[in-house]
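# Summary of the model geometry
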Amino acid sequence: MKIMSINAGSSSLKFSLFDMDTNDVLVSGLFERIGIEGSCYTIKNSEFKIKQEAVLNNHADAVKILLDKLIELKIINSLEELDGIGHRVVHGGDKYTDSVVVSDQVVEDIIRFSDYAPLHNPAHAVCIKAFREVLPNTPMTVVFDTAFHQTMEKDRFLYPVPYEWYENYQVRKYGAHGTSHRYVSKKVSEVLVKDDLRIIVCHLGNGSSITAVKDGKCVDTSMGFTPLAGVVMGTRSGDIDVSLVPYVMEKEGKSVGEIMDALNKKSGFLGVSKLSSDSRDIEDAIKEGNEQAILAQKMFVNSVVKYISQYYVEMGGCDVLAFTAGIGENSISTRAEIVEQLACLGIKLDVEANNVRGELTCISSKDSNSLVYLVPTNEELMIAMDTLALIK
Ligand code: ADP
């Protein structure tokens, strides 16, 4: 069976086509700058890579070229060979606790939840509509990034604010990266052949979040009402005292929008280091003794450790600490710095085993109280697997 997973952004469309018998990627690619000058696409697999400019006025243009190319490149002989299409959707509000088959109602809801994810949900809806128009008979599903976090109890997902804010406007913690947290915790369970585990998943990338997973269910997560909350990120501040918003507004004569923009796009690694949002640049600058970079890295590590220790206590211990995403999978030094601070919990790394990037590996020492794993995330495969399960 062949299933395609789709991740549409406001001006992009990422895709991966899977052979579900082997879980191999047959072809993948990216359509960029949709609706903007200079649009282009890349399609690749282990045998070829095509990069081409193209007129992409909207997502429908990208969908048409993508499907034509799949046939032209003989990846499939006809569109009937596509058994299903799974769409990643950032926000499912508090309605969707699982992945679902696409219907008019689902598309309507995705649009309705745009308030919570204004950059993403409208683009997802446009893209789903474009696919449904060209492939009206192909089964399609939606995999929500918030769904995995819907198992949190009320005392974990509520903010201590006037209760009417929740009742009237659904102000609460929704979390993010749910598909990644679900994939990684599931993978850990498979590897250890055990379901009743307390796992702390550290998804550390440009955006980062930490999730406490007990018996396969999310019990708490670091991102909040929006993906601005939680740990220090590439350009996002993570948790702050909200009082600084009106304070800086007044000092600098700025609007709420401008301050929110600074908290989302000019903070985190970038804001503190004054250098870059990319952890590789931070690591390079640290080697040269750059004080701001050293400070940014310390603040990032502190914030991650704070959540790990909180979730350790919340779950009454931790069987497995799992690192994933760009930094979690690749930054040997960041993993070491984080685990070093967990020594009082008896969590220890095996220095040699930790000398690894992007491969499923147990990196804890033999005498560590918790296992520590590096687990490469694969949100695309998770989406395809959900789609397969739903259409079967
Ligand atoms: P997102 O999906 O949130 O955009 P990623 O999961 O791709 O982000 O992670 C991007 C981050 O991962 C960047 O900060 C980048 O520097 C970091 N990263 C990627 N490769 C490496 C590496 N080899 N060493 C250290 N950090 C890396």
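Anything mentioned here points back to the structure above.
Described in the following lines is the structure provided in the data block.

Rules and cut-offs
Every chain's residues receive numbers from 1 upward, in the order its sequence appears when written. Only residues with pLDDT of at least 70 are given local features in this predicted model, and only at 80 or more are side-chain atom pairs given and counted; all residues enter the totals for whole chains, interfaces and linings. Neither water nor hydrogens contribute to the side-chain values; these are computed over all heavy atoms in the structure. Patches here are clusters of residues that have more than 30% relative accessible area and form no salt bridge, with a 9 Å joining cutoff for like charges and a 5 Å cutoff for nonpolar side chains (Val, Leu, Ile, Met, Phe, Trp, Tyr). Using a 1.4 Å probe, the Shrake-Rupley method yields the accessible areas, and only the shown protein chains count as cover for residues. Whenever a carboxyl oxygen of Asp or Glu lies within 4 Å of a side-chain nitrogen of Lys or Arg, that contact is scored as a salt bridge. For the purposes of this entry, the term helix denotes a DSSP run of H or I that reaches at least four residues, the term strand denotes a run of E that reaches at least two, and both are numbered from the N terminus. Note on pairing: DSSP must find at least two bridges between two strands before they are called paired. In what follows, residue pairs with any heavy atoms lying within 4.5 Å of each other are defined as contacts. Every angle, taken between N-to-C directions, lies between 0 and 180 degrees, and every axis is a line fitted to C-alpha atoms, over only the stretch in contact when it is a helix. Only rings of Phe, Tyr and Trp enter the pairing, Trp through its six-membered ring, and a pair is recorded when the two centres are within 6.5 Å. The plane angle decides the type: under 30 degrees is stacked, over 60 is edge-to-face, the rest tilted. For each residue, the accessible area found with a 1.4 Å probe, counting protein chains only, is set against the maximum for its type, and the residue is called buried under 20%, exposed over 50%, and partly exposed in between. Throughout this document, a residue counts as near a molecule or strand when at least one of its heavy atoms sits within 4 Å of that molecule or strand. Counting of polar contacts relies on pairs of N or O atoms within 3.5 Å, with two restrictions inside protein: one atom must be capable of donating a hydrogen and the other of accepting it, and residues adjacent in sequence are counted only when both atoms are side-chain atoms. Residue type decides the class: Asp, Glu, Lys and Arg count as charged, Ala, Val, Leu, Ile, Met, Phe, Trp, Tyr, Cys and Pro as nonpolar, and the leftover types, Gly among them, as polar. Roughly parallel here means an angle under 35 degrees, roughly antiparallel means over 145, roughly perpendicular means 65 to 115, and every remaining angle is called oblique. When the near helix sits turned anticlockwise from the far one by under a right angle, the crossing is termed left-handed; a clockwise turn instead gives a right-handed crossing. Residues grouped as a nonpolar core are buried Ala, Val, Leu, Ile, Met, Phe, Trp, Tyr and Cys residues, joined through side-chain atoms within 4.5 Å.

On the surface, Tyr 159, Val 161, Trp 165, Tyr 169 and Phe 225 cluster together into a nonpolar patch covering about 460 Å² of accessible area. With respect to the element layout, Tyr 159 can be found in the loop between helix 4 (154-157) and helix 5 (163-169).

Spatially, 8 strands are ordered 5-4-3-2-1-6-8-7 in an open sheet, and the strand pairing comes out mixed. Two strands bound the open sheet, and with one partner strand each, they are strand 5 (49-53) and strand 7 (100-101). One ladder, built from 5 bridges, connects strand 3 (residues 24-32) with strand 4 (residues 40-44); its direction is antiparallel. Across the sheet, the residue bridging to Phe 31 is Tyr 41, located in strand 4. Where helix 2 (residues 104-112) meets the sheet, its contacts fall on strand 6 (82-89), strand 7 and strand 8 (140-144), and the angle it forms with strand 8 comes to roughly 30 degrees.

Scanning all chains against the criterion turns up 11 aromatic pairs. Plain terms: the ring middles of Phe 113 and Tyr 116 are 6.0 Å apart, the flat faces sit at 20 degrees to each other, and that makes the pair stacked. Accessibility assignment for this pair places Phe 113 and Tyr 116 in one class, buried. Ring geometry for Phe 269 against Phe 300: centres 5.1 Å apart, planes inclined by 50 degrees, an arrangement best described as tilted. Here the residue Phe 269 occupies a position in helix 9 (residues 268-273), and Phe 300 occupies one in helix 11 (residues 291-314), the gap between them amounting to 31 residues.

Below, the discussion takes up the pattern of salt bridges. Scanning all chains against the criterion turns up 19 salt bridges. Between Arg 132 and Asp 104 there is a salt bridge, with its nearest N and O atoms 3.0 Å apart. One end of the pair, Arg 132, is in helix 3 (residues 121-134); the other, Asp 104, is in helix 2, with 28 residues separating them in the sequence. Under the relative-accessibility criterion, Asp 104 is labelled exposed at 54%. With a shortest N-O distance of 3.8 Å, Lys 266 and Asp 261 are connected by a salt bridge. Look at Lys 266 and you get exposed, because its relative accessible area is 52%.

Let us now look at the site of the ligand. With respect to spatial proximity, 13 residues lie near the ligand, and among them Asn 206, Asp 278, Ser 279, Gly 326 and Asn 330 are the closest. The backbone of Asn 206 places a nitrogen or oxygen atom 3.1 Å from an oxygen atom of the ligand. Between the ligand and the protein, one listed contact pairs an oxygen atom with a side-chain N or O atom of Arg 280 at 3.2 Å. Looking at the shell around the ligand, the elements that each hand over two or more residues are helix 10 (279-287) and helix 12 (325-330). For the shell around the ligand, the element with the highest residue contribution is helix 12, accounting for 4 residues. Among the residues making up the shell around the ligand, the classes are represented as 2 nonpolar, 7 polar and 4 charged.

Contact pair helix 11 / helix 13 (residues 332-340): the axes reach a minimum separation of 9 Å and the direction vectors enclose 50 degrees. In terms of their interaxial angle, helix 11 and helix 13 are classed as oblique. Our pair here, helix 11 against helix 13, has a crossing hand that is right-handed. Contacts from Gln 297, Phe 300, Val 301, Val 304, Val 305 and Ile 308 in helix 11 reach Thr 334, Glu 337 and Ile 338 in helix 13. When the residues that make up the contact of helix 11 with helix 13 are grouped by side-chain class, the tally is 6 nonpolar, 2 polar and 1 charged.

Looking now at the nonpolar core. Ranked by internal contacts, the top residues of the largest apolar core, which has 42 residues, are Met 4, Leu 13 and Phe 131. Membership of the second largest hydrophobic core comes to 35 residues, among which are Val 231, Ala 293, Ile 347 and Ile 363.

Turning next to the pairing of strand 10 (residues 208-214). Across the 7 residues that make up strand 10, a large majority, 6, are buried. Relative to strand 10, strand 9 (residues 198-204) runs antiparallel, the two sharing 7 bridges. Within strand 10, the position partnered with Ile 199 by the bridge is Val 213. Counted between consecutive antiparallel strands, the loop separating strand 9 from strand 10 contains 3 residues. Here strand 10 folds back onto strand 11 (residues 217-221) in antiparallel fashion, the turn holding 2 residues, of which Asp 215 has a positive phi close to 50 degrees.

The subject of this paragraph is the pairing of strand 4. Regular strands place side chains that alternate from one sheet face to the opposite one. Of all 5 residues in strand 4, 4 are buried; the element is thus mostly enclosed. Judged from the 5 bridges that link them, strand 4 and strand 5 form a sheet pairing that is antiparallel. From the neighbouring strand, Lys 44 faces strand 5, where its bridge partner is Lys 49.

Located in the positive-phi region is Val 193, a residue other than glycine, with phi close to 50 degrees. Inspection of the secondary structure puts Val 193 in the loop between helix 6 (178-192) and strand 9. Positive phi, normally seen in glycine, also occurs at Lys 274, with a value near 60 degrees. By relative accessible area, which is 69% here, Lys 274 ends up exposed.

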